[in-house]
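As a plain string of letters, each chain reads:
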Amino acid sequence: FFPLLLLAFELLATENKRGVFALAVAAFSFGVLRVGLYDVSASSLSEFHGKEDNASFELIEIKENYVDLKVVLSEIGVEKGEKVRLYTYSELDELVSGDIVYANVKYKFQDSESYYSNNIALSANGEVIKTENGEGLFCSARRKVFETSAELYEDFEFAEVISNAVTCGDKSGIDSYLYAVYGTSGVSHILAISGLHVTMIAMCLYRLFLLLSVNKKISGYVSSLAILIYAAFVGFTPSITRASFMLIAIMLAKMFMSRADSITMLFVALALLLVLNPQLNEFCNPLY
């Protein structure tokens with residue numbers, strides 16, 4: 001559907017109809033291939049349905065009633081790097097993405113588009129045995145941001161969790177009341193790292209370099225690199241990935257092309273996202 005929508009919009013706005021048609025066909029073809037390959041790969045995980053495992057995982061994201069993890073080591077042979085959604089009553093306070101979680105779990109195979117859209121085919125119920133701090137630059141940086149936020153806003157009830165949400169994309173501390181307050185005010189999109197945050201970072205850097213008389217191309221390259229680093233820092237969620245692709249496409253188009261309109265770049269970013277994951281059915285959710 002979306003490649004056809006891309007084609008319809010662009011045929012009305014450009015003279016390069018063959019190029020637009022080729023892009024739409026390529027996005028559709030790669031999307032179909034990607035879905036087929038992932039379905040085959042995911043179905044192989046059905047052998048773990050109902051099995052128990054003592055495993056270590058890398059934390060990806062903490063949600064209100066579950067956590068998304070990536071397998072580090074499994075006793076029963078679940079492949080390293082496989083994503084798992086864990087439902088648990090264990091306390092996971094003060095953890096950041098990249099930390100290591102050790103848990104005793106029982107797997108359930110999920111043949112579901114809502115799981116596949118997150119590259120997940122296994123869910124699990126279980127108990128977290130222990131946790132430890134992860135290694136790596138991004139993990140350490142996230143922990144430093146959390147610690148600084150806790151120190152700065154210790155006297156304010158909601159400021160710390162809001163700060164974590166808009167800087168690191170961590171919404172685990174935001175409860176239903178706070179969601180309701182932001183939703184009623186019509187500004188719930190602020191809580192999700194997306195185009196607003198990416199644009200602020202990229203444009204501030206870009207304008208700063210221009211003020212320092214740095215070449216426009218170099219300014220664009222550095223700003224684009226900063227966008228990718230920030231996207232990696234917050235975890236390449238659908239909203240940040242969409243915004244990053246679109247803004248980088250606009251910057252590159254301004255550097256190498258005579259025209260760079262936002263509608264074209266929006267649908268280029270959309271096509272790239274659909275190639276990466278056509279089952280991504282929550283990319284329009286502002287709180288995703």
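Because the structure is a prediction, the values reported are computed rather than measured.

Bringing the nonpolar core into the picture now. Ranked by size, the top nonpolar core spans 25 residues in total, and within it Phe57, Tyr107 and Leu122 carry the most contacts. The set of elements that each furnish at least two residues to this core consists of strand S1 (52-62), strand S2 (67-74), strand S3 (83-87), strand S4 (100-109) and strand S5 (122-132). Top contributing element to this core by residue count: S4, with five residues. Not counting residues within four places of it along the chain, the set of residues in contact with Leu122 comprises Leu45, Phe48, Val78, Lys83, Val84, Arg85, Tyr107, Lys108 and Phe109. Listed in part, the 18 residues of the second largest apolar core include Cys139, Ile193, Val234 and Met251.

Attention shifts here to the packing of helix H4 (residues 137-152) against helix H8 (residues 216-234). Packing of H4 against H8 brings their axes to within 9 Å, and their N-to-C directions diverge by 75 degrees. Classified by the angle between their axes, H4 and H8 sit roughly perpendicular to one another. Residue-level inspection shows Phe138, Ala141, Arg142 and Val145 of H4 in contact with H8, the latter providing Ile229, Ala232 and Phe233. Of the residues that constitute the contact of H4 with H8, the class distribution is six nonpolar, no polar and one charged.

Turning our attention to the pairing of S2. Where a strand is regular, its side chains alternate between the two sheet faces. Relative to S2, S1 runs antiparallel, the two sharing seven bridges. Among the inter-strand pairings, Ile62 is bridged to a residue of S2, identified as Val67. Here S1 folds back onto S2 in antiparallel fashion, the turn holding four residues.

Structurally, the position occupied by Ala141 is in helix H4. Since its relative accessible area comes to 28%, Ala141 is described here as partly exposed. Along the backbone, Ala141 and Val96 are 45 residues apart, and their C-alpha atoms lie at a distance of 9.8 Å.

Pairing is mixed in the closed barrel, where five strands are placed in the order S1-S2-S3-S5-S4. Looking at each pair of strands side by side, their axes are set apart by 55 degrees on average, direction ignored.

On to H8, then. With 19 residues, H8 should cover 27 Å at 1.5 Å per step; its first-to-last C-alpha distance of 27 Å lies within 8% of that length. At the N-terminal boundary of H8, the capping side chain belongs to Asn215, with an oxygen 2.7 Å from the backbone nitrogen of Lys217.

Next up on the list: the packing of aromatic side chains. With the rule as written, the count across this model stands at four aromatic pairs. Ring geometry for Phe158 against Tyr177: centres 5.9 Å apart, planes inclined by 35 degrees, an arrangement best described as tilted. In this pair, Phe158 sits in the loop between H4 and helix H5 (159-168) while Tyr177 sits in helix H6 (residues 176-185), placing the two residues 19 residues apart along the sequence. On the accessibility criterion, Phe158 (25% relative accessible area) is partly exposed. Of the residues examined, Tyr177 reaches a relative accessible area of 51% and is grouped as exposed. Among the aromatic residues, those joined into a ring-pair cluster are Phe138, Tyr230 and Phe233. Above the face of the Tyr102 ring, Lys130 is positioned so that its terminal group lies 4.8 Å from the ring centre. For the cation-ring pair, Arg142 lies above Phe233, with the distance from its terminal atom to the ring centre recorded as 5.7 Å.

Let us now look at the confidence of the model for the protein. Residues at a pLDDT of 70 or more form 79% of the protein, whose mean pLDDT is 79. The secondary structure element of the protein with the lowest average pLDDT is helix H1 (residues 2-13), at 52, and the one with the highest is S4, at 94. Within the model, pLDDT remains below 50 along residues 281-288, and this stretch shows 23 contacts once partners closer than five positions in the same chain are excluded.

Thresholds, definitions, all that
Residues numbered from 1 in each chain as written. Predicted model: local features only at pLDDT ≥ 70, side-chain atom pairs only at ≥ 80, totals over all residues. Heavy atoms only, no water. Core = buried A, V, L, I, M, F, W, Y, C linked by side-chain atoms within 4.5 Å. Buried < 20%, exposed > 50% of the residue type's maximum accessible area, 1.4 Å probe, protein only. Helix = DSSP H or I, 4+ residues; strand = E, 2+ residues; numbered from the N terminus. Contact = heavy atoms within 4.5 Å. Axes fitted to C-alpha atoms, helices over the stretch in contact; angles between N-to-C directions. Parallel < 35°, antiparallel > 145°, perpendicular 65-115°, else oblique. Nonpolar A, V, L, I, M, F, W, Y, C, P; charged D, E, K, R; others polar. Pairing = 2+ DSSP bridges. Expected span 1.5 Å × (residues − 1). Polar contact = N/O pair within 3.5 Å; in protein donor to acceptor, adjacent residues only side chain to side chain. Phe/Tyr/Trp six-rings, centres within 6.5 Å; stacked < 30°, edge-to-face > 60°. Lys NZ or Arg CZ within 6 Å of the ring centre and 35° of its normal. pLDDT = per-residue confidence, 0-100.

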